[in-house]
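Here is how the chains run, residue by residue.
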Amino acid sequence: MADPSSYRPRPGEIPDSPGVYRFRDEHRRVIYVGKAKSLRQRLANYFQDLANLHPRTRTMVTTAASVEWTVVSTEVEALQLEYSWIKEYDPRFNVKYRDDKSYPYLAVTMNEEFPRVQVMRGHKKKGVRYFGPYGHAWAIRDTVDLLLRVFPVRTCSAGVFKNAARTGRPCLLGYIGKCSAPCVERISAEDHQELAEEFCDFMAGRTGTYLRRLERKMGEAAEDMEYERAARLRDDIGALRKAMEKSAVVLADATDADLIAVAEDELEAAVQIFHVRGGRVRGQRGWVTDKVEEITTGALVEHALQQLYGEESGDAVPKEVLVPALPDPVEPVQQWLTDRRGSGVSLRIPQRGDKKALMETVQRNAQQALVLHKTKRASDLTTRSRALEEIADALDLDSAPLRIECYDISHLQGDDVVASMVVFEDGLARKSEYRRFQIKGFRGQDDVRSMHEVITRRFRRYLAEKERTGEWADGEDDGVTTATTNGETPGHDAAPGHDAAPGHDAAPGHDAAPGSGTAPGHDATPGNGTTPAPHATPRDADDDLALTDGPALKDDDGRPKRFAYPPQLVVVDGGQPQVAAAQRALDELGIDDIAVCGLAKRLEEVWLPREDDPVVLPRTSEGLYLLQRVRDEAHRFAITYQRTKRAKRFRSSPLDEVPGLGETRKQALIKHFGSVKKLRSATIDQICEVPGIGRKTAETVAVALARATPAAPAVNTATGEIMDDEDGAPETTADAPGEPVSAGTPDERRGQER
């Protein structure tokens, strides 16, 4: 726990102007972002006597280790920068609204030649018109089904559309009159686009025009004694009225507005939003947040407005936003909304009439949402807390393991060996922290050795981050010898590019003699004959690990680094050998404050280092359930990565190694010659006959294929004959000379996967 006075800015350093400030923790991670009309006055409030601070604010300032700020010109700029930083850094002490579900929208893809009506979730795309959100997807489908009688817009996927165009036959909707069938040119692209525009106008609330037009056509058909056509128009009018009834009129003056209500207690707050368009409720959504700071209702409304309109523009921001309390000050927020819309936006509290009555309805929805959320979360929090406590008691830990990392190894008969690392914080998966590894220290199948390599690489990076951020004082003797930039242990010479430690080679599978530089029981790394010394922390190229979420993070950007945060518990998928390998890796790096355990699949036993007998948790234990979830998630993540690598290897070709040869020209070569074998036997002049292949490229292809070793021929097991490509045997590429790849049947592959 830090003392705020240790990082308090000196008097006069903080400017008396608008700006945005950031608090960072000891790992340089941004934990709180705020804005202020006067930075000097606002920041001074955080550095008063701790006893006078709100408990959550006190926790934040004692967790922080530094504060910095950025000066801006206006309060509107401060609001925009605050929103950008909250989105970028995801600070733990800021208000973050969580959608209680992923809301579906009715979307019309106006950016396509033939617009399509469909249900969409997630991020909004440019050129697509959205209506909603709706509480349920079936509500959208019911509405669309009614409207397709009058507006027969395309609803099929791109694959179905192309197939219908190829065969010249429309789908079922085209036959029953609920699609205008642009796929078979029953309607032109321009007319279909106009039809989609009319659909959007109706959904936007401009319904009277279409109803009056249909009623007029129905009357004309009746006068002309076209009674069947008049009956069909009558049914169309009924369908439109039924669709309109699904969203009742709540504001008689055809108002376009969003109503936001907040229900809160000391710990949490729930927000409900009603989207009113044309006087009708067109959508509803809700959020829930933890109040991790002392915050007013007006500030909650401000954060909700940022969340709601931060990515919106134009008509997506309504002319009127009704709220239960106004932000303080309100002018910058109102100006920000106006800038997002491009025209004036009214932000106010309803005082009387229909709007106040509707706001009371939204408020009741917010209260119900908060009660429901607290009921669910009370059970969830109790279960997770009990699980962590049971794990701490069973493993004799000093405290509950709030951060758990689990590792698993996956391969297919020793090929494509990979590993996964999954992270659970407070009993919940934190997928942004997941990592995956390629085993590069050796070839073949050895789960124990693979586990040792992965744990070593992961915690070498942790130690490197710890050293880089200055958490170690220079010359501090903590049992870990720091490394130079080329990965050498200080005091020893090593050839460039090698992470050599003094000592001798150790035969694989045998313990090394003392002083040999190879960890006991661990094979020497092929390529240089030695493994790093037990207390060295080299950085080799093999430590470039694949990230699963987002790009590689830059230094000092405030976001979590790859391996900057240590776990309280390391779980490995396996029994006593895997646990011993993980513990040995930590011992070699001088790390003694991280607990290790393993969960064996067969009997679900928990193994601890240096223990001959496992810990057996009751089958009904919440701690065991949590460990199983962590282990199963690590296994899923590892095997998914392994299958991806294997599929990529199976699809490989000698042409992949030809520099400058793209996918189009590779396909042209295969199409022209029929197979790689025939291409390999072709002359340079014959290769030049392929469109798009010049002589230089042809020479490069010929040289690359000549260097590539052909795969071993396939053998017909019934006759003993060697099968050529002409006999129908597909040509494959070998992972190594004389080692053809065999995929096997699906059942065989599942049995071989680890």
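Keep in mind that this is a model prediction, so the values were computed, not measured.

Scoring rules and cut-offs
- Residues numbered from 1 in each chain as written.
- Predicted model: local features only at pLDDT ≥ 70, side-chain atom pairs only at ≥ 80, totals over all residues.
- Heavy atoms only, no water.
- Axes fitted to C-alpha atoms, helices over the stretch in contact; angles between N-to-C directions.
- Helix = DSSP H or I, 4+ residues; strand = E, 2+ residues; numbered from the N terminus.
- Parallel < 35°, antiparallel > 145°, perpendicular 65-115°, else oblique.
- Contact = heavy atoms within 4.5 Å.
- Phe/Tyr/Trp six-rings, centres within 6.5 Å; stacked < 30°, edge-to-face > 60°.
- Buried < 20%, exposed > 50% of the residue type's maximum accessible area, 1.4 Å probe, protein only.
- Lys NZ or Arg CZ within 6 Å of the ring centre and 35° of its normal.
- Pairing = 2+ DSSP bridges.
- Polar contact = N/O pair within 3.5 Å; in protein donor to acceptor, adjacent residues only side chain to side chain.
- Expected span 1.5 Å × (residues − 1).
- Salt bridge = Lys/Arg side-chain N within 4 Å of Asp/Glu carboxyl O.
- pLDDT = per-residue confidence, 0-100.

### Comments concerning the packing of helix α3 (residues 75-89) against helix α10 (residues 297-309)
- In the contact formed by α3 and α10, the axes pass within 11 Å of each other and the chain directions differ by 70 degrees. Taken together, α3 and α10 sit at an angle that is classed as roughly perpendicular. Note on element contacts: α10 touches α3 through E302, H303, Q306 and Q307, opposite L79, E82, Y83 and I86.

### Remarks on the packing of aromatic side chains
- Going through the model one piece at a time under the given rule, you end up with 12 aromatic pairs.
- With a centroid separation of 6.4 Å and 40 degrees between ring planes, the pair formed by F23 and F47 is classed as tilted. Remark: F47 occurs in the loop between α1 (39-46) and α2 (55-63) and F23 occurs in strand β1 (residues 19-24); sequence separation between them is 24 residues.
- Accessibility expressed as a relative area gives 8% for F47, which makes it buried.
- Ring pairing ties together the aromatic residues Y7, Y21, F23, Y32, Y46 and F47, which thus form one cluster.
- Taking NZ or CZ as reference, R154 lies 4.8 Å from the ring centre of F161, over its face.

### Quick notes on the sheet that holds strand β2 (residues 30-36)
- Taken in spatial order, the three strands of this open sheet run β2-β1-β3, and their pairing is antiparallel. With one partner strand each, in any of the chains shown, β2 and β3 (66-71) form the two edges of the open sheet. Strand after strand, the sheet turns through a mean of 20 degrees between neighbouring axes, direction not considered.
- Bridge count for β1 against β2 is six bridges, and the pairing is antiparallel. By the bridge assignment for β2, F23 is matched with Y32.

### Details of the side chain of S420
- Assignment of secondary structure puts S420 in strand β14 (residues 415-425).
- Overall, S420 belongs to the buried group, its relative accessible area being 0%.
- A distance of 2.7 Å separates a polar side-chain atom of S420 from the backbone oxygen of A634.
- Setting aside chain neighbours within four positions, we find S420 in contact with C406, Y407, D408, R435, R436, A634, F637 and A638.

### So, α3
- In this model, α3 (15 residues) spans 21 Å end to end at C-alpha, consistent with the 21 Å of a helix rising 1.5 Å per residue.
- When α3 is considered as a whole, its buried residues turn out to be V76, A78, L79, L81, E82, Y83, W85, I86 and Y89.
- Taken together, the buried residues of α3 touch β1, β2, β3, α10 and α11 (331-341).
- Just downstream of α3, D90 is the residue with a positive phi angle, here 50 degrees.

### Describing helix α13 (residues 447-468)
- In this model, α13 (22 residues) spans 31 Å end to end at C-alpha, consistent with the 32 Å of a helix rising 1.5 Å per residue.
- Among the 22 residues of α13, 18 are classified as buried, and the element is accordingly described as predominantly covered.
- Between a side-chain oxygen at the N-terminus of α13 and the backbone nitrogen of V448 the separation is 3.3 Å; the capping residue is D446.

### Quick look at unusual backbone geometry
- Cis geometry marks the peptide bond from D328 to P329; its omega dihedral reads 0 degrees.
- The backbone phi angle of D396 is positive, close to 60 degrees, even though this residue is not glycine.
- Inspection of the secondary structure assignment puts D396 in the loop between α12 (353-395) and β13 (403-412).
- Taking relative accessible area as the criterion, D396 reaches 68% and is therefore assigned exposed.

### Digging into the pairing of strand β8 (residues 257-264)
- Of all eight residues in β8, seven are buried, a share of seventy percent or more.
- With eight bridges connecting them, β8 and strand β9 (residues 268-277) associate as antiparallel partners. In the sheet register, L259 faces β9, and the bridge partner there is F274.
- Where β8 and strand β11 (residues 320-322) come together, three bridges link them in parallel fashion. In the sheet register, L259 faces β11, and the bridge partner there is L322.

### Structural notes on the pattern of salt bridges
- Counting across every chain of the model gives 30 salt bridges.
- For the salt bridge of R213 with E198, the shortest nitrogen-to-oxygen distance reads 3.8 Å. Highlighted residues: R213 in helix α8 (residues 208-223) and E198 in helix α7 (residues 189-203), separated in sequence by 15 residues.
- On the accessibility criterion, E198 (17% relative accessible area) is buried.
- Its salt-bridge partner being E622, residue R386 comes within 3.8 Å of it at the nearest N-O pair. Of this pair, R386 sits in helix α12 while E622 sits in helix α15 (residues 622-650), and the two are 236 residues apart along the sequence.
- The partly exposed category is assigned to R386, whose relative accessible area is 36%.
- Judged by relative accessible area, E622 falls into the buried class, the value being 18%.
- Taken together, the shared-partner salt bridges connect R403, E405, E425, R430, E433 and R458 into one network.

### Comments concerning the environment of R665
- By secondary structure assignment, the location of R665 is in helix α16 (residues 663-673).
- Ignoring any residue separated from it by four or fewer positions in sequence, one finds R665 in contact with G660, G692, I693 and T697.

### Details of the sheet that holds strand β6 (residues 117-120)
- Read across the open sheet, the three strands follow the order β6-β5-β7; overall the sheet is antiparallel. Each having just a single partner strand, β6 and β7 (129-131) make up the two edges of the open sheet. Averaged over neighbouring strand pairs, the angle between their axes works out to 30 degrees when direction is ignored.
- Pairing analysis gives three bridges linking strand β5 (residues 105-108) to β7, with the strands arranged antiparallel. By the bridge assignment for β7, L106 is matched with F131.
- Lying over the sheet, α7 contacts β5, β6 and β7, oriented at roughly 150 degrees with respect to β5.

### Some words on the confidence of the model for the chain
- Scored by pLDDT, the chain has a mean of 75; 76% of the residues are at 70 or more.
- Overall, residues 473-560 carries pLDDT values under 50, and its contacts beyond four positions in sequence, including any with other chains, amount to 161 contacts.
- Long-range and interchain partners of residues 724-752, a stretch whose pLDDT sits below 50, account for 36 contacts in this model, where long-range means more than four residues apart.

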